[in-house]
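Report on the structure
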Amino acid sequence: MKVQALIKPNTYFDSVSLMSLSTKANQIEGVEQAIIAMGTEMNKEVMKNVGLLTPEIEEAKTSDLIIVVKAETDELCEEAFPKIEELFKKKNTSKGKSEVKYSTISSAAQSVPESNLAIIAVNGAYAAREARKALENDLHVMMFSDNVSVEDEIALKTLAHEKGLLMMGPDCGTAIIGNTALCFANAVRKGNIGIVAASGTGSQEVSVRIHEFGGGITQLIGTGGRDLKEAVGGIMMLDGIQALEEDEATKVIVLVSKPPAPSVEEKVLAKIKTCKKPVVVWFIGGDEEKITAAGGHFAKMSKEAALKAVVLAGADESKLNKRALNIPLIEEVRTKLTPEQKYIRGLFSGGTLCDEAMHAAMEKFDNVYSNIARDPEYRLKDRYTSQEHTFIDFGDDEYTQGKPHPMIDPSTRLDRFMQEAKDPSVGVIVMDFVIGYGAHEDPVGAFLPAMIEAKQLAEAEGRHLEIIGYVLGTELDPQGLEDQVNKLLAAGVTHASSSQNAGLLAREFVVKGE
Amino acid sequence: MKVTISGDVDFIRRINNSNFSGVVHSTFNRTFNIQCSGDGELFTIACRMVDNAPNTLIIDSDDLSSWGIEVNDRVFVKNNTLYIENKLAILVEKARIWASAIPAYPCNIDTLSRNLKTIKEYIDAHGKEGGIKKKPTVQNSFEAELARMLELRTSLLWSELLKNHKSQALKHAVSLVGLGPGLTPSGDDFLVGLFTAINMIDSPFYDWRPFCEAVTKKARHLTNDISYTTLEKAAMGKVRESIINLVNSLIADNEEDLILSLNKVFNIGSSSGTDIALGLVCGLEANIIAGGKV
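Residues numbered from 1 in each chain as written. Chains lettered and ligands numbered in written order. Predicted model: local features only at pLDDT ≥ 70, side-chain atom pairs only at ≥ 80, totals over all residues.

1. Looking at the overall build of chain A
To be explicit about the condition: Secondary structure elements follow DSSP: runs of H or I no shorter than four residues count as helices, runs of E no shorter than two count as strands, and numbering proceeds from the N terminus. Burial in this document is a count-based property: other C-beta atoms within 10 Å of a residue's C-beta are tallied, and the residue is buried at 20 or more, exposed at 12 or fewer, or partly exposed in between, with C-beta positions derived from the backbone. Each residue is represented by a C-beta atom placed from its backbone, and any two residues with such atoms within 7 Å are regarded as in contact.
Check the secondary structure of chain A and you find 19 helices and 19 strands. Expressed as a percentage of the 514 residues in chain A, the buried residues total 50%. Intrachain contacts of chain A at a sequence separation of at least 6 include 70% that bridge at least 24 residues.

Right, here's the structure in full:
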């Protein structure tokens, strides 16, 4: 291993930028380790202790910024520095962008009278106050903030309902309004299908599948994860259905959520019953009989929901490529796995994608554990240790405290990936890679070296490690779907064409070992 | 022309006395620092989202990056107005005067003890990892070694504090200065929190203020100018408003305010807020354990 350093004299960046630059520098191809830190004596001591101290670093002053790169060869080190410089340049350029900023929602609303929606993404302690101001200014609200009390949520949603406004959230990360993607969403075609969803990645998945089937979206209305709980009563989902029913452009409505609380489910089903437009319902693990009895179109999985929606919206089903499971591939992988390789490890950045894959596994196995399992008996005892078939939602609060969501920062999931790859009882690792607005600029690229290393490691130990990767996105997304998929294929990863297929493939690959 | 919303009493006094001049030392989106040409001390101009702090003026602006302020720009005072070249003029006339004042240590420590337990749990659940609070998994050998050194040195400092061994405590405190990759290294942030607790009037460790001064003297060339200034001011009992609010909440009986105050401290830097909070917890726990014994 080679170590090279670059010193930037008298250079100051705020800590948040330094951490972000450091994370990105560590993801540069060929870089084993990159450190960006101030040149203090103590930091030099840390570097000395781990064999990273170079003569240049020894000369650095406390006001200098040190950039250290460790890589296999000197050439790789040298190649990394211009890429790191590029990261610094990007940081500086973004700083120079001119945009109008308003210090209060009221002043923004007054200055831009045509505005009709506010996105609230402040600390949860202040979010309710700001959302109320927005509603009082007759603005629809999308509240990205979480840690808002249920009482505040009910009060805000009640106020919005009375004023005929949407109150999306708290903790609403995905919406597409008037063909504009907000926060985490994908670039999808404009069409005639509307979505109301209590699940961010679930709604992203359905919108992307609709796009792939040739359909398009009118509006994607997020409700926030708690909307269908007993206390909140589904206020936003009911208002969302109503809004889409009244929207002329919307011909079909899709609902996406975990199963609602029984009393809320009753209200939603009653609403479906009176709705004049067809409603496709994907409540993960939901009750088909009840939904059908209410006149809804039941979907068990995400792709099925999208397919039903596009067909109801007028597509000719016989002409659609439904992307059936690759049966010969399933047979082939089963023969490669040893009898000891019995387990699936699902490492997800999207909660609903995790839930969907987990439910697919639960249909065939009774030893499926997760940090988001509804049954406490099957909840992971220790979040750092997997049990038999394990599915982890890395976007859950316990993994994101004090750090960005895994759709932005892959580091926590990356560490866990290597841990699982070394486990000889693991047959399949299944992962999602979410692209689109707000997501990491190259999620597959960030995992590429680790996936190659894991495959080589398993091979050296005489076992085959099957990795399934699913890229949630469209060809219109800024990261480029094709580029991400090609990277997976180049690393020998099995590419699943949908979240549904990813879950089913993972399950079927290990069935033989059970 | 920009109006100052509020400002540190000493900074405003220097501007009003027209004896302030210097150059821009460093620039960020929400703040820039000025190095005074007389004594080299750093002063800060911050936008409205930033809280009051020693040597700081909060001006009526949301973002300072659009002013085109650059390092080495000339700064001077004319007619009670602070000028940065001809790019920005800051009027201090109607500014609300702010002075850092850490509250006194309470006579009855029941509330403090209870609140300390609450914030320790909250830090454990919501504090930012990567500094004094360890990450469950590290990205590389540097992070692992840094985490090890921070843990070892803070626990050694804690142990010497409890034994009332000032010289040993000084050694371990100095070994924390400059330790950490951020603009204000985690070790420095931890000491800022600790110094805050020591500077509470009537606290058992109040007599340890010369210790803070001694650490600062040795810290001059161990950390960068920006972090040093914060540390030096903290040693004198001058810390930013959000930290003071947290201390006030810790001695008051209102859990909601406590968590709000803690979250505001968490918003400082990347892991800085968490590191400061943990330093404060360390100092307050030492105070409670020491009682009247020190």
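2. Thoughts on unusual backbone geometry
Cis peptide bonds are those with omega within 30 degrees of zero, and the linkage from G169 of chain A to P170 of chain A qualifies with 10 degrees. Structurally, P170 of chain A is set in the loop between β6 (167–168) and β7 (174–177). One non-glycine residue, N147 of chain A, lies in positive phi territory at about 55 degrees. Its location among the elements puts N147 of chain A in the loop between β5 (140–143) and α7 (150–163). A tally of 14 C-beta atoms within 10 Å means that N147 of chain A is categorised as partly exposed. The phi angle at N72 of chain B is positive, at roughly 80 degrees, despite the residue not being glycine. For N72 of chain B, the location among the structural elements is in the loop between β5 (56–59) and β6 (74–78). On the neighbour-count criterion, N72 of chain B (9 C-beta atoms within 10 Å) is exposed.

3. Description of the sheet that holds β6 of chain A
In any sheet, the strands associate via hydrogen bonds between backbone groups, in a parallel or an antiparallel arrangement. Residue and element names in this part refer to chain A. Applicable threshold: Two strands are counted as paired when DSSP detects at least two bridges linking them.
On the basis of which strands lie adjacent, the open sheet formed by three strands has the order β4-β5-β6 and parallel pairing. On the outer flanks of this sheet lie β4 (117–120) and β6, each paired with one strand and no other. Of the pairings in the sheet, the one linking β4 to β5 comprises four bridges and is parallel in character. Within β5, the residue paired with A118 across the bridge is V141.

4. A look at the interface of chain A and chain B
Cut-off, in case you're wondering: All residues other than Ala, Val, Leu, Ile, Met, Phe, Trp, Tyr, Cys, Pro, Asp, Glu, Lys and Arg, Gly among them, are scored as polar; the first ten of these are nonpolar and the last four charged.
Contact residues are listed per partner, giving 39 residues for chain A and 42 residues for chain B. Those elements giving two or more residues to the side of chain A that touches chain B turn out to be α1 (15–25), β2 (31–38), α2 (41–49), α4 (74–96) and α16 (411–421) of chain A. Of the residues that constitute the side of chain A that touches chain B, the class distribution is 16 nonpolar, 17 polar and six charged.

5. Focus on the environment of M362 of chain A
The topology assignment puts M362 of chain A in helix α14 (residues 351–362). Separated by 27 residues in the primary sequence, M362 of chain A and H389 of chain A place their C-alpha atoms 9.3 Å from one another.

6. Considering the packing of helix α3 (residues 141–163) of chain B against helix α4 (residues 166–174) of chain B
Residues and elements named next belong to chain B. Here is the rule: Only C-alpha atoms enter the line fits that serve as axes; for helices the fit covers just the stretch in contact. Angles between N-to-C directions range over 0 to 180 degrees. For this classification, under 35 degrees means roughly parallel, over 145 means roughly antiparallel, 65 to 115 means roughly perpendicular, and everything else is oblique. Left-handed describes a crossing whose near helix is turned anticlockwise from the far helix by less than a right angle; the clockwise case is right-handed.
Interaxial distance between α3 and α4 falls to 8 Å at its minimum, and their mutual angle equals 160 degrees. Taken together, the axes of α3 and α4 are roughly antiparallel relative to one another. Considering the relative orientation of α3 and α4, their crossing is left-handed. Contact residues: R153, L156, L157, E160 and L161 in α3; Q168, A169, H172 and A173 in α4.

7. Regarding the environment of L380 of chain A
Residues and elements named next belong to chain A. Topologically, L380 is positioned in the loop between β15 (368–370) and β16 (389–393). L380 gets classed as partly exposed once you count the C-beta atoms within 10 Å, which come to 18. Separated by 11 residues in the primary sequence, L380 and F391 place their C-alpha atoms 9.2 Å from one another. Sequence-distant contacts of L380, defined by excluding residues within four places in its chain, comprise Y369, S370, N371, Q387 and T390.

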